[in-house]
Amino acid sequence: MSIERAGGPAQAHGILRFATAPGSSSFTDFLAGAAPDLLPRGTTASLELAHGTTIVAAAFADGVVMAGDRRATAGNLIAQRDIEKVFAADDFSLVGIAGTAGLAIEIVRLYQVELEHYEKIEGIPLTLDGKANRLATMIRGNLGQAMQGLAVVPLFAGFDVDDDGPRAGRIYSFDVTGGRYPEQHYHSVGSGSLFARGALKKLWQPAMDRAAIVRTVVEALYDAADDDSATGGPDITRGIYPIVMLATAAGTERVLDAELDTVVREILAERASRPGA
C-alpha cells in the first residue's frame, strides 16, 4: 500500500518531509512522528474480538522450534479455524502471538519492518538480545490497550548467530508491561500453555534432533487442545495442521503440512491404543 493510499496526499507529504529529517534507527519512532494513526491501536474491550492461543517454543540440537495451533476464538465461538500465529521475524528469529489476534498480527508486521529498517539504517542486524528488547518496547507501548482487555503476549525465539556454543537457540517470554524474560529449554504462552508446558516437561530432552523436536511440540499442542477449548487440535479432515517453524544456522524454515500430516497420524495411532492416557 502506498503512503498516499494510506492517508491521502497531505499525509503523504508529511511523511516524506519527516523522512528527510535525522532520527533514530527505529521505524516505530519514525512512524509515530510521521503518521501516528498508522500504528496499531485498540478499539474497545466490549467487542467480541478474536483471540489466538496456544504457542510453544523449545530448543533443540540445531537451534529452536516454535509452534502454534490454528484456532482463534471470540467468546465461546470459534472465530477462525486456520489462523496463523507463528511468523519469521527475520532470517534467524521467530515470533508467536497470543491474545487479541488482529492487534497482535499488526504488531508482528510492524516488528518485522522494525528489524528490517534497523538493519538498513545501521548497516548491521540487531543482536538476538537487541531484537527481544525491541519487541519488549513495542509491547510496553500497547499497555494502555492491554489494561482495557486488549492484551498481546508474544513469544520470541531465535538462533544466536553470535554464539557458537551448544545453546545458540534462545527463547524469550514477555508480559503485558513489556517485561522480557529469557527462558530455559522450552516455554509456552496462551490459554492452553499450562497443559502444553506440562507435556513439554515429560517429552523434552536435551539435544533432540529435528524429527524428535517437531513431534514433541506437536504432541504438546495436542495435549493443550485436549484440555483447553480455545486451543484447536490437528484437523485431518480439513487438512489444518499446527504452524511449526525452525530457526537454525541455515535460517528460518516452516515445516510442510505433508510432514506434519505424517507426524499427526503417528501420534493419533499411538494414542488410539491407549485412549485414557
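The structure under discussion appears in the preceding block.
Per chain, residues are indexed from 1 in the order of the written sequence. Totals for whole chains, interfaces and linings use every residue, but because this is a predicted model, local features are given only for residues with pLDDT of at least 70 and side-chain atom pairs only at 80 or more, for both listing and counting. By convention in this description, side-chain values take in all heavy atoms of the structure and omit both hydrogens and water.

*Asks:* Can you help me understand empty space enclosed by the protein in this one?
*Replies:* A probe matching the size of a water molecule, rolled over the atoms, marks out where space remains unfilled. Using only the protein atoms, space was sampled on a 1 Å grid; points where a 1.4 Å probe fits but cannot get out form cavities, open sets with protein on both sides within 12 Å along at least five of seven lines form pockets, and lining residues are those with an atom within 4 Å of a point. Grid points are joined across faces, edges and corners, and a volume is the space filled by probe spheres set on the points. Applying the stated rule across the entire model yields one cavity of 30 Å³ or more. Looking at the largest cavity, its volume works out to about 40 Å³. Together, V95, I97, A104, I107, V108, Y111, L135, I139, V152 and P154 line the largest cavity. A run of H or I in DSSP counts as a helix once it spans at least four residues, and a run of E counts as a strand once it spans at least two, with each numbered from the N terminus. Of all the elements in the fold, those that place two or more residues in the lining of the largest cavity are β7 (93-100), α3 (101-122), α4 (128-140) and β8 (152-159).

*Asks:* Please clarify how helix α7 (residues 210-227) should be interpreted in this entry.
*Replies:* Side chains three or four residues apart in an α-helix point the same way, a direct result of the helix having 3.6 residues per turn. Given a helix with a known number of residues, its expected span is that number minus one, times 1.5 Å. For α7, with 18 residues, the first-to-last C-alpha span of 27 Å sits near the 26 Å given by 1.5 Å per residue. Relative accessibility decides the category of a residue: with a 1.4 Å probe and only protein chains considered, values under 20% of the type maximum give buried, values over 50% give exposed, and everything between is partly exposed. For α7, the full list of buried residues reads I213, V214, T216, V217, V218, E219, A220, L221, D223 and A224. Residue contacts are defined here by distance: any two heavy atoms, one from each residue, within 4.5 Å place the two residues in contact. Residues of α7 that are buried sit in contact with β2 (55-60), β3 (63-68), α6 (193-203), β12 (243-248) and α8 (257-272).

*Asks:* What exactly am I supposed to notice about the packing of α6 against α7 here?
*Replies:* A packed helix pair is summarised by two numbers, namely the angle formed by the two axes and the spacing between the axes. To get an axis, fit a line to the C-alpha atoms, keeping to the stretch in contact for a helix; angles then go from 0 to 180 degrees between the N-to-C directions. In contact at an axis separation of 8 Å, α6 and α7 are set at 140 degrees when each is read in the N-to-C sense. As judged from the angle between their axes, α6 and α7 are oblique. In the packing of α6 onto α7, the handedness of the crossing is right-handed. Between α6 and α7, the contacting residues are F195, A196, A199, L200 and L203 on the first element and T216, E219, A220, D223, A224 and D227 on the second. Amino acids outside the nonpolar list (Ala, Val, Leu, Ile, Met, Phe, Trp, Tyr, Cys, Pro) and the charged list (Asp, Glu, Lys, Arg) are all regarded as polar, and Gly is one of them. Grouping the constituent residues of the contact of α6 with α7 by class yields seven nonpolar, one polar and three charged. Geometric relationships in this document are graded by angle, where less than 35 degrees denotes roughly parallel, more than 145 denotes roughly antiparallel, 65 to 115 denotes roughly perpendicular, and other angles denote oblique. By definition, turning the near helix anticlockwise from the far helix through less than a right angle yields a left-handed crossing, and turning it clockwise yields a right-handed one.

*Asks:* How should I be thinking about the nonpolar core in this particular structure?
*Replies:* General note: in soluble globular proteins, nonpolar side chains tend to be found buried as a group. Residues belong to one nonpolar core when they are buried, are Ala, Val, Leu, Ile, Met, Phe, Trp, Tyr or Cys, and are joined through side-chain atoms within 4.5 Å. In terms of nonpolar packing, the biggest core is built from 30 residues, with V95, Y111, L135, F156 and F174 touching the most fellow members. Sorting the residues of this core by element identifies α2 (27-34), β6 (86-90), β7, α3, α4, β8 and β9 (169-174) as the ones contributing at least two each. Among the elements that make up this core, the one with the highest residue count is α3 (10 residues). Core analysis: the second largest hydrophobic core is formed by 26 residues, A58, L200, V217 and V255 among them.

*Asks:* Explain the packing of aromatic side chains here, please?
*Replies:* Where two aromatic rings form a pair, the distance of their centres and the angle of their planes describe that pair. Pairing of aromatic side chains requires ring centres within 6.5 Å, counting the rings of Phe and Tyr and the six-membered ring of Trp. Pairs whose planes differ by under 30 degrees are stacked, by over 60 edge-to-face, and all others tilted. Scanning all chains against the criterion turns up three aromatic pairs. When the ring of Y111 is compared with that of F156, the centres are 6.2 Å apart and the planes differ by 80 degrees; the resulting orientation is edge-to-face. Residue Y111 is found in helix α3, and its partner F156 is found in strand β8; the two are separated by 45 residues along the sequence. In this structure, Y111 and F156 share a single accessibility class: buried. For the pair Y186 and W204, a centre-to-centre distance of 5.9 Å together with 55 degrees between the ring planes defines the contact as tilted. Here Y186, found in strand β11 (residues 186-189), pairs with W204, found in the loop between α6 and α7; they are 18 residues apart in sequence, far enough to count as distant. For the pair Y186 and W204, a shared accessibility class is recorded, and that class is buried.

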